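# A structural walkthrough
Read off the chains here:
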Amino acid sequence: MSDHLLNDQIRSCLETLASQGAAYAFFLRQGADSPFYQASAERFPSASILKLPILLAWVHLERRGEVDSNALCNLDSEPEVHGAGFSWLLRQRRLPWHDVLLLMMALSDNLCSNLVIQQVGMARLNQVFRDDLGLSGTELQRRFMDFEARREGRENWITASDCTRLFDLFAALTPAEKAWVEPMLRACQHSALLMRCIPEEAHVRFYHKTGTNTGILHDWGYTATRQVYLLTQGVQDEIAAAEIFGEIGRLALLEG
(Lines give C-alpha, C1' and ligand atoms only; values in the text may rest on other atoms or scores of the structure.)
Protein backbone atom coordinates (compact mmCIF):
# COMPACT_ATOMS: atom_id res chain seq x y z
CA MET A 1 0.00 0.00 0.00
CA SER A 2 1.34 3.46 -0.88
CA ASP A 3 2.11 5.87 1.94
CA HIS A 4 -0.48 8.28 0.53
CA LEU A 5 -3.26 5.69 0.57
CA LEU A 6 -2.20 4.41 4.01
CA ASN A 7 -2.27 7.91 5.46
CA ASP A 8 -5.66 8.60 3.89
CA GLN A 9 -7.11 5.48 5.52
CA ILE A 10 -5.64 6.38 8.89
CA ARG A 11 -6.91 9.93 8.50
CA SER A 12 -10.40 8.57 7.90
CA CYS A 13 -10.19 6.52 11.11
CA LEU A 14 -9.07 9.58 13.06
CA GLU A 15 -11.96 11.62 11.64
CA THR A 16 -14.36 8.94 12.85
CA LEU A 17 -12.75 9.10 16.29
CA ALA A 18 -13.13 12.89 16.34
CA SER A 19 -16.77 12.62 15.19
CA GLN A 20 -17.41 10.60 18.35
CA GLY A 21 -16.19 13.51 20.48
CA ALA A 22 -12.63 12.39 21.20
CA ALA A 23 -9.52 14.53 21.02
CA TYR A 24 -6.46 12.70 19.73
CA ALA A 25 -2.81 12.75 18.70
CA PHE A 26 -1.46 10.20 16.23
CA PHE A 27 2.13 9.57 15.12
CA LEU A 28 3.56 7.04 12.68
CA ARG A 29 7.11 6.76 11.38
CA GLN A 30 8.15 3.92 9.08
CA GLY A 31 11.89 3.38 8.78
CA ALA A 32 13.67 6.55 7.69
CA ASP A 33 10.51 8.09 6.19
CA SER A 34 9.18 11.39 7.42
CA PRO A 35 6.59 10.81 10.12
CA PHE A 36 2.87 11.10 9.57
CA TYR A 37 1.44 13.18 12.41
CA GLN A 38 -2.10 14.40 12.97
CA ALA A 39 -3.58 15.77 16.18
CA SER A 40 -6.47 17.73 17.61
CA ALA A 41 -4.81 18.13 21.04
CA GLU A 42 -1.29 18.25 22.50
CA ARG A 43 -1.69 17.63 26.25
CA PHE A 44 -3.40 14.56 27.68
CA PRO A 45 -4.09 13.02 31.07
CA SER A 46 -1.43 10.34 30.99
CA ALA A 47 -3.16 7.37 32.63
CA SER A 48 -0.70 4.46 32.79
CA ILE A 49 1.33 5.58 29.79
CA LEU A 50 3.23 7.70 32.33
CA LYS A 51 4.93 4.47 33.39
CA LEU A 52 7.12 4.78 30.27
CA PRO A 53 8.92 7.93 31.50
CA ILE A 54 8.98 6.51 35.03
CA LEU A 55 10.87 3.47 33.69
CA LEU A 56 13.27 5.70 31.75
CA ALA A 57 13.84 7.83 34.83
CA TRP A 58 14.77 4.71 36.79
CA VAL A 59 17.26 3.71 34.07
CA HIS A 60 18.80 7.19 34.19
CA LEU A 61 19.08 7.10 37.99
CA GLU A 62 20.57 3.60 37.92
CA ARG A 63 23.31 4.89 35.63
CA ARG A 64 24.09 7.46 38.31
CA GLY A 65 24.10 4.86 41.07
CA GLU A 66 21.04 6.34 42.82
CA VAL A 67 18.91 3.19 42.50
CA ASP A 68 19.65 -0.50 42.02
CA SER A 69 17.28 -2.83 40.15
CA ASN A 70 18.91 -5.83 41.88
CA ALA A 71 18.10 -4.56 45.39
CA LEU A 72 15.03 -5.89 47.18
CA CYS A 73 11.75 -4.01 47.47
CA ASN A 74 9.27 -4.57 50.29
CA LEU A 75 5.84 -4.69 48.66
CA ASP A 76 4.21 -3.80 51.97
CA SER A 77 6.04 -0.48 52.27
CA GLU A 78 3.34 1.32 50.27
CA PRO A 79 -0.45 1.22 50.92
CA GLU A 80 -2.22 -1.52 48.96
CA VAL A 81 -4.01 -0.41 45.80
CA HIS A 82 -5.78 -2.51 43.22
CA GLY A 83 -6.83 -1.83 39.65
CA ALA A 84 -4.34 -3.24 37.14
CA GLY A 85 -1.90 -5.90 38.29
CA PHE A 86 -1.98 -8.33 41.20
CA SER A 87 1.11 -7.68 43.32
CA TRP A 88 -1.07 -7.32 46.44
CA LEU A 89 -1.90 -11.03 46.08
CA LEU A 90 1.68 -12.30 46.04
CA ARG A 91 2.78 -14.32 49.05
CA GLN A 92 6.38 -13.35 48.42
CA ARG A 93 6.48 -9.79 49.71
CA ARG A 94 10.09 -8.97 48.81
CA LEU A 95 11.04 -8.74 45.15
CA PRO A 96 14.01 -7.28 43.26
CA TRP A 97 13.25 -3.82 41.95
CA HIS A 98 13.70 -5.29 38.47
CA ASP A 99 10.65 -7.48 39.04
CA VAL A 100 8.68 -4.55 40.47
CA LEU A 101 9.44 -2.58 37.29
CA LEU A 102 8.48 -5.61 35.19
CA LEU A 103 5.08 -5.85 36.89
CA MET A 104 4.64 -2.09 36.43
CA MET A 105 5.19 -2.37 32.68
CA ALA A 106 3.82 -5.80 31.75
CA LEU A 107 0.69 -5.67 33.92
CA SER A 108 0.55 -1.93 34.60
CA ASP A 109 0.55 -2.90 38.29
CA ASN A 110 -0.43 0.18 40.30
CA LEU A 111 1.03 -0.89 43.64
CA CYS A 112 4.39 -1.53 41.98
CA SER A 113 4.18 1.84 40.23
CA ASN A 114 3.53 3.59 43.54
CA LEU A 115 6.45 1.76 45.12
CA VAL A 116 8.74 3.16 42.42
CA ILE A 117 7.34 6.65 43.04
CA GLN A 118 7.97 6.22 46.75
CA GLN A 119 11.51 4.94 46.22
CA VAL A 120 12.59 7.75 43.88
CA GLY A 121 10.32 10.53 45.13
CA MET A 122 7.72 12.42 43.14
CA ALA A 123 9.72 15.65 43.02
CA ARG A 124 12.86 13.80 41.90
CA LEU A 125 10.98 11.99 39.14
CA ASN A 126 9.56 15.26 37.84
CA GLN A 127 13.04 16.78 37.90
CA VAL A 128 14.47 13.87 35.92
CA PHE A 129 11.59 14.06 33.41
CA ARG A 130 12.25 17.74 32.84
CA ASP A 131 15.99 18.24 33.25
CA ASP A 132 17.53 14.92 32.25
CA LEU A 133 15.06 13.36 29.81
CA GLY A 134 13.86 16.59 28.20
CA LEU A 135 10.18 15.74 28.74
CA SER A 136 8.93 19.27 29.32
CA GLY A 137 5.20 18.41 29.29
CA THR A 138 5.29 15.27 31.44
CA GLU A 139 4.16 15.82 35.01
CA LEU A 140 3.47 13.46 37.91
CA GLN A 141 1.07 15.08 40.37
CA ARG A 142 -0.35 12.06 42.19
CA ARG A 143 0.15 8.38 42.85
CA PHE A 144 -1.80 5.85 40.82
CA MET A 145 -5.30 5.01 42.10
CA ASP A 146 -5.24 8.09 44.37
CA PHE A 147 -8.87 9.07 43.89
CA GLU A 148 -8.80 11.78 46.55
CA ALA A 149 -5.97 13.55 44.73
CA ARG A 150 -7.96 13.37 41.51
CA ARG A 151 -10.97 14.93 43.21
CA GLU A 152 -8.67 17.73 44.36
CA GLY A 153 -7.71 18.37 40.73
CA ARG A 154 -4.27 16.74 40.75
CA GLU A 155 -3.66 14.85 37.53
CA ASN A 156 -0.77 13.18 35.74
CA TRP A 157 0.03 14.63 32.32
CA ILE A 158 1.93 13.87 29.15
CA THR A 159 2.12 15.60 25.77
CA ALA A 160 2.27 14.34 22.21
CA SER A 161 5.65 16.03 21.82
CA ASP A 162 6.98 14.09 24.79
CA CYS A 163 5.59 10.84 23.39
CA THR A 164 7.52 11.52 20.19
CA ARG A 165 10.68 12.16 22.21
CA LEU A 166 10.23 8.86 24.06
CA PHE A 167 11.19 7.01 20.86
CA ASP A 168 14.59 8.71 20.82
CA LEU A 169 15.09 8.07 24.53
CA PHE A 170 14.46 4.35 24.21
CA ALA A 171 16.64 4.18 21.09
CA ALA A 172 19.48 5.85 23.03
CA LEU A 173 19.60 3.18 25.74
CA THR A 174 22.82 1.20 25.87
CA PRO A 175 22.75 -2.41 24.64
CA ALA A 176 22.95 -3.60 28.26
CA GLU A 177 20.01 -1.39 29.25
CA LYS A 178 17.93 -2.48 26.26
CA ALA A 179 18.58 -6.10 27.23
CA TRP A 180 16.49 -5.73 30.40
CA VAL A 181 14.20 -2.83 29.49
CA GLU A 182 12.81 -3.94 26.12
CA PRO A 183 11.53 -7.33 27.36
CA MET A 184 9.37 -5.40 29.82
CA LEU A 185 7.71 -3.53 26.95
CA ARG A 186 7.44 -6.71 24.89
CA ALA A 187 5.66 -8.40 27.82
CA CYS A 188 2.82 -5.84 27.92
CA GLN A 189 -0.32 -7.91 28.46
CA HIS A 190 -2.82 -5.34 27.18
CA SER A 191 -3.43 -6.08 23.49
CA ALA A 192 -6.94 -4.61 23.09
CA LEU A 193 -5.89 -1.33 21.44
CA LEU A 194 -3.34 -1.02 18.58
CA MET A 195 -2.70 -4.78 18.72
CA ARG A 196 -6.42 -5.59 18.68
CA CYS A 197 -6.53 -6.76 15.04
CA ILE A 198 -3.00 -8.15 14.75
CA PRO A 199 -3.15 -11.96 14.45
CA GLU A 200 -0.66 -13.92 16.51
CA GLU A 201 0.63 -15.63 13.39
CA ALA A 202 1.77 -12.24 12.05
CA HIS A 203 4.56 -12.37 14.66
CA VAL A 204 4.63 -8.61 15.17
CA ARG A 205 7.13 -7.78 17.91
CA PHE A 206 5.56 -4.64 19.36
CA TYR A 207 7.34 -3.03 22.31
CA HIS A 208 4.60 -0.93 23.85
CA LYS A 209 2.67 0.44 26.79
CA THR A 210 -1.01 1.25 27.03
CA GLY A 211 -2.81 3.64 29.33
CA THR A 212 -6.54 3.64 29.99
CA ASN A 213 -8.93 5.47 32.27
CA THR A 214 -12.48 6.75 31.95
CA GLY A 215 -12.65 8.48 28.56
CA ILE A 216 -8.90 7.94 27.99
CA LEU A 217 -7.28 5.36 25.70
CA HIS A 218 -3.56 5.50 24.85
CA ASP A 219 -1.14 3.13 23.14
CA TRP A 220 2.54 3.88 22.41
CA GLY A 221 5.12 1.55 20.97
CA TYR A 222 7.58 0.50 18.30
CA THR A 223 8.72 -2.46 16.22
CA ALA A 224 12.08 -2.90 14.50
CA THR A 225 10.88 -0.67 11.65
CA ARG A 226 7.94 1.41 12.90
CA GLN A 227 7.13 3.86 15.65
CA VAL A 228 3.51 4.64 16.48
CA TYR A 229 1.28 6.11 19.13
CA LEU A 230 -2.34 7.11 19.46
CA LEU A 231 -3.41 9.23 22.42
CA THR A 232 -7.07 10.03 23.09
CA GLN A 233 -9.19 11.84 25.63
CA GLY A 234 -12.87 12.67 25.90
CA VAL A 235 -13.82 9.25 24.51
CA GLN A 236 -17.58 8.75 24.80
CA ASP A 237 -17.87 5.18 23.48
CA GLU A 238 -14.79 3.24 24.54
CA ILE A 239 -15.83 0.07 22.73
CA ALA A 240 -16.21 1.90 19.44
CA ALA A 241 -12.95 3.77 20.03
CA ALA A 242 -11.12 0.51 20.72
CA GLU A 243 -12.31 -0.81 17.37
CA ILE A 244 -10.83 2.26 15.69
CA PHE A 245 -7.56 1.66 17.55
CA GLY A 246 -7.58 -1.86 16.15
CA GLU A 247 -8.06 -0.72 12.57
CA ILE A 248 -5.37 1.96 12.90
CA GLY A 249 -3.03 -0.59 14.47
CA ARG A 250 -3.62 -2.99 11.56
CA LEU A 251 -2.86 -0.23 9.06
CA ALA A 252 0.16 1.11 10.96
CA LEU A 253 1.79 -2.18 11.90
CA LEU A 254 0.88 -4.52 9.04
CA GLU A 255 0.29 -2.36 5.95
CA GLY A 256 2.62 -0.07 4.06
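The structure we're discussing is the one just above.
All figures in this text were calculated on a predicted structure; none of them were measured in a lab.

### Digging into the packing of aromatic side chains
A full pass over the atoms with the stated rule returns 10 aromatic pairs. Centre to centre, the rings of Trp220 and Tyr222 are 5.8 Å apart; their planes meet at 85°, and the pair counts as edge-to-face. This pair shows no difference in class: Trp220 is buried, exactly as Tyr222 is. An aromatic cluster of three or more residues is present, and its members are Phe27, Phe167, Phe170, Tyr207, Trp220, Tyr222 and Tyr229. Here the basic side chain of Arg43 rests over the ring of Trp157, its NZ or CZ set 3.8 Å away from the ring centre. Above the ring of Phe144, the side-chain terminus of Lys51 is found at 4.5 Å from the ring centroid.

### A word on the packing of helix H1 (residues 3–19) against helix H9 (residues 238–254)
For the pair H1 and H9, interaxial distance at closest approach is 10 Å and the crossing angle is 170°. The orientation of H1 with respect to H9, classified from their angle, is roughly antiparallel. Residues Leu6, Gln9, Ile10, Cys13, Leu14, Thr16 and Leu17 of H1 form the contact with H9, whose own contacting residues are Ala241, Ile244, Glu247, Ile248 and Leu251. In terms of residue class, the contact of H1 with H9 is made up of 9 nonpolar, 2 polar and 1 charged.

Rules used in this analysis
- Within each chain, residues carry numbers counting from 1 in the order of the written sequence.
- Where totals are concerned, whole chains, interfaces and linings use all residues; where local detail is concerned, this predicted model gives features only for residues with pLDDT of at least 70, and gives and counts side-chain atom pairs only at 80 or more.
- Here the side-chain values reflect all heavy atoms present in the structure, with hydrogen atoms and water set aside.
- Two aromatic rings, drawn from Phe, Tyr or Trp (for Trp, its six-membered ring), form a pair once their centres lie within 6.5 Å of each other, and the interplanar angle then sorts them: stacked below 30 degrees, edge-to-face above 60, tilted otherwise.
- Exposure categories follow from relative accessible area, calculated using a 1.4 Å probe and restricted to protein chains: below 20% of the type maximum is buried, above 50% is exposed, and the middle band is partly exposed.
- Whether a charge sits over a ring comes down to the Lys NZ or Arg CZ being within 6 Å of the ring centre and within 35 degrees of the ring normal.
- A fitted line through C-alpha atoms represents every axis, and for helices the fit uses only the stretch in contact; the resulting angles, taken between N-to-C directions, go from 0 to 180 degrees.
- Strands here are runs of E lasting at least two residues and helices are runs of H or I lasting at least four, both read from the DSSP assignment and numbered beginning at the N terminus.
- Oblique is the label for every angle not falling under 35 degrees (roughly parallel), over 145 degrees (roughly antiparallel), or within 65 to 115 degrees (roughly perpendicular).
- Note on definitions: a residue-residue contact is assigned when non-hydrogen atoms from the two residues lie within 4.5 Å.
- Three residue categories are used. Nonpolar comprises Ala, Val, Leu, Ile, Met, Phe, Trp, Tyr, Cys and Pro, charged comprises Asp, Glu, Lys and Arg, and polar comprises the others, including Gly.

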